[in-house]
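What follows is each chain in one-letter form.
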Amino acid sequence: MLRRALLSAAVFSLFAVNAHAARDMRLFSLKTQAEYSGFKNTGRYEEVEALCRRFEEHHPKQVRCFEYGRTPENRPMLALAVSNTGALTPDAAKRRKIPVLLVQGGIHAGEIDGKDAGFLALREVLEGKAAAGVLDKQVLLFVPVFNVDGHERFGAWNRPNQRGPVEMGWRSTAQNYNLNREYMKADTPEMQHMLALVNAWDPLAYVDLHVTDGAQFEPDISIQVEPVHAGDAALRVAGTALRDGVLADLAKQGSDPKPFYMSFAEEDNPQSGFVDSAPNPRFSHGYFLLRNRFGVLVETHSWKDYPTRVRITRNTIVSLLSQVAQHGAAWRQTAMEADLRAAQLAGSALPLSYKTTEKSRMIAFRGYAYTRTPSEVSGALMTRYDEKTPQIWTVPLRDEIVPDLQVTAPKAGYLVPRAQAAMVGAKLRQHGIAYKEMRSIFARQNVEVFRATAVKFGAQSFEGRQTAAVQGEWQKEERLVDAGALYVPVNQPKARLVMALLEPRAPDSLLAWGSFNTAFERKEYMEDYVAEDVARAQLAADPALAAQFRQKLADEPEFAKNPRARLEFFARRHASWDERLNLYPVMRVDVAPVGFMDL
Ligand SMILES: [Zn+2]
């Protein structure tokens, strides 16, 4: 009895020592909890904080861990600058013309492959076990988790269409924003900090690591790069080479990668096939092309298990590091030349949005056998996939992408009136766009104005905004421009971004996101009985106007039936009519105004 007790005490203490040793070892290890668990679990954010510091301690000459901002819940937003070149600051990288590759995980914090794959790739590369020498040619900027607060909203069922890890973070931020719609409007502190990081480091390529939603099939990853369909012509050639290089590397490692997002043309209907598209700049790969830099959207397939997805994401990061090591210096040069070309775009026609044509071709796609049968639950057709029975689907792919909205840039730039200067100026600074502020008071200027002929507001709140879509054209007018107005020249490296923010019809312009909605709200009005008198006075004074009114009644039955429109016909011609109603406050000029100071 005694012996047994002594023995079990000895065994117990041996276990305790071993457990302590294992824990101590982990405290110094560069492995993630995910790796220790065989990629069943993923760690909490405190692990990111610890690993960030530990990578720097283990590799002080190659790694710098730093905080680039705070979240709304006051968590540190962390990045690791990693290079063998010694250039671990933005200034050093810029001075020595070293390409910067920014790899960002967890913009949707439930899709957390990028964090665990990034730490794994980083350790292997630093230890010379993968992609030897790549850190001699570049700076890797690794942001393990972008949506940090979302990452700490941790739970088991945050991703119902995804296999693992056991628990994960949440899609949106603590303020319930989707950061993956934020690149242009940048309402959130998180995105403002990210844009500041980007402005400082000017990465050649920005890699945004996600996991898909959607159907079940065999292909395991998509890699979408811009410029490929849009942006500077020479950069599109380089972007295509970057994309195809990564696709080839992944195929060699057994993946079946696709260059388009794998969601069906018709939801839930595999036979409807796929439609490729050019992204709007609310998304990272649509945004970075406007800065003449590469945006890379990586989506692993949510139905592959977590170990598989982390391995494929790790392969993608290693491939990107290799591609940039091989071609980054030349691509960086192309990007600098694209900046110079962009600084000559004033007066040229530029596409602001793209569309996919109806032209399609049939592709063989590795799907699974499936059935579509009536559902007594939904009352509609339901789809069931049989993952044990691979099946080649022959389905249409539409991938011919052409410019949709094209607008000619002003010959000089945009003028932002003083009343809107604070709001617009803040956005311009967040995006690193150059502008000047008007010092002296000016009289009237020949400008172009945009008077909306139609305005359609979004029916419901979207990302905290009420969106607006306008129709109309720029037209010449003389208007008073006062001190405090901002002048934003088109001729600067970010010319495309300037137009995307300030052209009223651009899909993610400030106007489109609802920043100017008050310009389209009527605030003063004429009582009907006053309007009746005004109409009669105008009819009596102007026989030509009276004839025009009668003609309109005869030609336009909708107008004739609408008492309010009939009265407004005259109110619009009265001195009390608000000439600013539906006038977009931002103007365009063909000649750079004088009297501005640089900001
Ligand atoms: Zn996502």
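Reading guide: rules and limits
- Residues numbered from 1 in each chain as written.
- Predicted model: local features only at pLDDT ≥ 70, side-chain atom pairs only at ≥ 80, totals over all residues.
- Heavy atoms only, no water.
- Axes fitted to C-alpha atoms, helices over the stretch in contact; angles between N-to-C directions.
- Helix = DSSP H or I, 4+ residues; strand = E, 2+ residues; numbered from the N terminus.
- Parallel < 35°, antiparallel > 145°, perpendicular 65-115°, else oblique.
- Contact = heavy atoms within 4.5 Å.
- Nonpolar A, V, L, I, M, F, W, Y, C, P; charged D, E, K, R; others polar.
- Phe/Tyr/Trp six-rings, centres within 6.5 Å; stacked < 30°, edge-to-face > 60°.
- Buried < 20%, exposed > 50% of the residue type's maximum accessible area, 1.4 Å probe, protein only.
- Donors = N, O, S within 2.8 Å, 3.2 Å for Na, K, Ca; no water.
- Tetrahedral: all angles 85-135°; square planar, octahedral: opposite > 155°, others 65-115°.
- Expected span 1.5 Å × (residues − 1).
- Arc of directions from axis to C-beta.
- Pairing = 2+ DSSP bridges.

## Concerning the packing of helix α7 (residues 189-201) against helix α11 (residues 418-430)
The geometry of α7 relative to α11 is characterised by a closest axis approach of 9 Å and an angle of 50° between their N-to-C directions. The orientation of α7 relative to α11 falls into the category oblique. Residue-level contacts link Q192, L195 and N199 of α7 to K427, R429 and Q430 of α11. Its residues assigned to classes, the contact of α7 with α11 shows one nonpolar, three polar and two charged.

## Some details on the packing of aromatic side chains
Applying the stated criterion across every chain, the model contains 27 aromatic pairs. With 6.0 Å between their ring centres and 20° between their planes, F365 and W393 make a pair best called stacked. Residue F365 is found in strand β12 (residues 361-374), and its partner W393 is found in strand β13 (residues 381-398); the two are separated by 28 residues along the sequence. On the basis of relative accessible area, F365 is assigned to the buried category, the value being 0%. Assessed through its relative accessible area of 1%, W393 is described here as buried. A ring pair is formed by Y370 and W393, whose centres lie 5.5 Å apart and whose planes are at 85°; its orientation type is edge-to-face.

## Brief notes about the coordination of the zinc ion
Around the zinc ion, the donor atoms from the protein are H108 (ND1), E111 (OE), E111 (OE) and H210 (ND1), and they sit 2.0 to 2.8 Å away. For the zinc ion, the four donor atoms are set out with angles of 51 to 150° between them, so the coordination reads as irregular. Taken in sequence order, the residues that donate to the zinc ion follow the motif H-x2-E-x98-H. Judged by relative accessible area, which is 3%, H108 ranks as buried.

## Brief notes about α7
End to end, α7 covers 18 Å across 13 residues, agreeing with the expected 18 Å (1.5 Å per residue, within 8%). Within the span of α7, buried status applies to E190, M191, M194, L195, L197, V198 and W201. Each buried residue of α7 sits inside an arc of 155° when the element is viewed along its axis, so together they form one side. Just downstream of α7, D202 is the residue with a positive phi angle, here 45°.

## Observations concerning the pairing of strand β16 (residues 413-416)
Here β16 runs beside strand β22 (residues 486-489); their pairing, made up of four bridges, is antiparallel. Opposite L415, over in β22, you have Y487 as the bridge partner. Sheet analysis places β16 next to strand β23 (residues 583-589), joined by three bridges and oriented antiparallel. Its bridge partner being in β23, G413 is matched across the sheet by V589.

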